[in-house]
Amino acid sequence: QQQVKQSPQSLIVQKGGISIINCAYENTAFDYFPWYQQFPGKGPALLIAIRPDVSEKKEGRFTISFNKSAKQFSLHIMDSQPGDSATYFCAASPNSGGYQKVTFGIGTKLQVIP
Amino acid sequence: DTAVSQTPKYLVTQMGNDKSIKCEQNLGHDTMYWYKQDSKKFLKIMFSYNNKELIINETVPNRFSPKSPDKAHLNLHINSLELGDSAVYFCASSRRQAGDSQYFGPGTRLTVT
């Protein structure tokens, strides 16, 4: 049962373009939504995270848009660069209530071509 | 300073053998995890410990046994290795149990032949 649905599974973007990765969730108890970036041969690393009290969070070229009513959130990478080529995972978890495991999306392999 | 470290980075072994992977975090976090990442890159949680106490055990064969000697260390022992155990295993830690970012180690690539 995939509680966080991520799309697309792969994405090719030209340098300078906008990369968009979408995620949708079902569990209304989720209220913490991080994105992780993973380079080949490395562990995932936190890129940016959002809580549902805001609809957008921006850090440099990376922006999370969050739509609570639609239960969707997305990652936008502006001015995509070849160095952004990596696999991106969205994730979701509840914010409280003792231990709650993080649910990851299946990942999106992004390739930014020069 | 490495935040979450794992050893070994690569592990090649034959079916039926027993092997261990070690993990240490120097972030002062209370919660640690083991994840399995298959060839399709899907991240699947296996175990989670909070202050040395097992809190999550996700339908993992009992050939896999985690051990947390203290809250900075979480080891994974695998008995009777099978071909299907080949994967990358990641250790991670977080400050608290819910709603917090996880810090991942570099991974251990296990190949069972």
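These figures come from a predicted structure and were not determined experimentally.

A.B. asks: I'd love a proper account of the packing of aromatic side chains, names of residues and values included.
C.D. replies: Within the structure shown, the criterion is met by 17 aromatic pairs over all chains. With a centroid separation of 6.2 Å and an interplanar angle of 55°, the aromatic rings of Tyr25 of chain A and Phe73 of chain A are classed as tilted. A residue pair is termed long-range when its members are at least 10 positions apart, and Tyr25 of chain A in strand E3 (residues 19-25) and Phe73 of chain A in strand E8 (residues 72-77) qualify at 48 residues. With respect to burial, Tyr25 of chain A and Phe73 of chain A carry one shared label: buried. Between Phe104 of chain A and Phe104 of chain B, the ring centres sit 6.2 Å apart and the planes meet at 75°, which makes this aromatic pair edge-to-face. Of the two residues, Phe104 of chain A sits in strand E10 (residues 103-104) while Phe104 of chain B sits in strand E10 (residues 103-104), which places them in two different chains. According to the relative accessible area criterion, Phe104 of chain B is buried, its value standing at 11%. Every member of this aromatic cluster is reached through a ring pair, and the members are Tyr36, Phe89 and Phe104 of chain A together with Tyr33, Tyr35, Phe90 and Phe104 of chain B.

A.B. asks: I'd like a description of the pairing of strand E5 (residues 43-50) of chain B, backed by residues and values.
C.D. replies: Residues and elements named next belong to chain B. The buried fraction of E5 amounts to seven of the eight residues, a majority that puts the element mostly inside the structure. As judged from the seven bridges shared by strand E4 (residues 31-37) and E5, these two strands associate in the antiparallel manner. Within E5, the residue paired with Trp34 across the bridge is Phe47. Sheet topology places E5 next to strand E6 (residues 53-57); four bridges connect them, and they run antiparallel. Bridge pairing in E6 links Phe47 to Asn57.

A.B. asks: Give a detailed account of the sheet that holds strand E6 (residues 56-59) of chain A, specifying residues and quantitative values.
C.D. replies: All names here are of chain A. Pairing is antiparallel in the open sheet, where five strands are placed in the order E1-E3-E8-E7-E6. Looking at strand neighbours, the two that pair on one side only are strand E1 (4-7) and E6, the edges of this open sheet. Averaged over all adjacent pairs, the angle separating strand axes in this sheet is 15°, with direction ignored.

A.B. asks: Got a sec to walk through the state of the cysteines? Specific residues and values, please.
C.D. replies: Working definition: the covalent bond between the sulfur atoms of two cysteines is a disulfide. All names here are of chain B. A full pass over the atoms with the stated rule returns two disulfides over all chains. In this model Cys23 forms its disulfide with Cys91; the gap between the sulfur atoms is 1.9 Å. Classification of the bridge connecting Cys23 and Cys91 rests on its S-S torsion, roughly -75°, and on that basis the disulfide is left-handed. Here Cys91 lies in strand E9 (residues 87-94) and Cys23 lies in strand E3 (residues 19-25), a separation of 68 residues in the sequence. Considered together, Cys23 and Cys91 belong to a single accessibility category, that of buried residues.

A.B. asks: An account of the sheet that holds strand E8 (residues 73-78) of chain B is requested, with residue identities and associated values reported.
C.D. replies: Backbone hydrogen bonds hold the strands of a sheet together, and the pairing may be parallel or antiparallel. Residues and elements named next belong to chain B. Judged by pairing direction, the sheet is antiparallel, and its four strands sit side by side in the order E1-E3-E8-E7 without closing on themselves. Looking along the sheet, the strands with just one partner apiece sit at the ends: strand E1 (4-7) and strand E7 (64-70). Strand-to-strand twist across the sheet, computed as the mean angle between neighbouring axes with direction ignored, equals 20°. Strand direction decides the pairing type here: E1 and E3, joined by four bridges, are antiparallel.

A.B. asks: So what's going on with a nonpolar patch on the surface? Which residues, and what values?
C.D. replies: Residues and elements named next belong to chain A. Among the surface-exposed residues, Ile18, Ile20 and Met78 lie close enough to one another that they form a single nonpolar patch of about 240 Å² accessible area. Along the polypeptide, Ile18 turns up in the loop between strand E2 (10-14) and E3. Residue Ile18 is classed as partly exposed on the basis of its relative accessible area, which comes to 45%.

A.B. asks: Break down the interface of chain A and chain B for me, with residues and values.
C.D. replies: Facing the 22 residues of chain A at the interface are 25 residues of chain B. Contact between chain A and chain B buries roughly 1800 Å² in total, counting both sides, with carbon and sulfur atoms accounting for 56%. Linking chain A to chain B there are zero salt bridges. Linking chain A to chain B there are four residue pairs in polar contact (both at pLDDT 80 or more).

What counts and what doesn't
- Residues numbered from 1 in each chain as written.
- Chains lettered and ligands numbered in written order.
- Predicted model: local features only at pLDDT ≥ 70, side-chain atom pairs only at ≥ 80, totals over all residues.
- Heavy atoms only, no water.
- Phe/Tyr/Trp six-rings, centres within 6.5 Å; stacked < 30°, edge-to-face > 60°.
- Helix = DSSP H or I, 4+ residues; strand = E, 2+ residues; numbered from the N terminus.
- Buried < 20%, exposed > 50% of the residue type's maximum accessible area, 1.4 Å probe, protein only.
- Pairing = 2+ DSSP bridges.
- Axes fitted to C-alpha atoms, helices over the stretch in contact; angles between N-to-C directions.
- Disulfide = S-S within 2.5 Å.
- Patch = residues over 30% accessible without salt bridge, like charges linked within 9 Å, V, L, I, M, F, W, Y side chains within 5 Å.
- Areas by Shrake-Rupley, 256 points an atom, 1.4 Å probe, with all protein chains shown as cover.
- Salt bridge = Lys/Arg side-chain N within 4 Å of Asp/Glu carboxyl O.
- Contact = heavy atoms within 4.5 Å.
- Buried area = accessible area lost by both parts, 1.4 Å probe.
- Polar contact = N/O pair within 3.5 Å; in protein donor to acceptor, adjacent residues only side chain to side chain.

These values are about where atoms sit, not about what they do.
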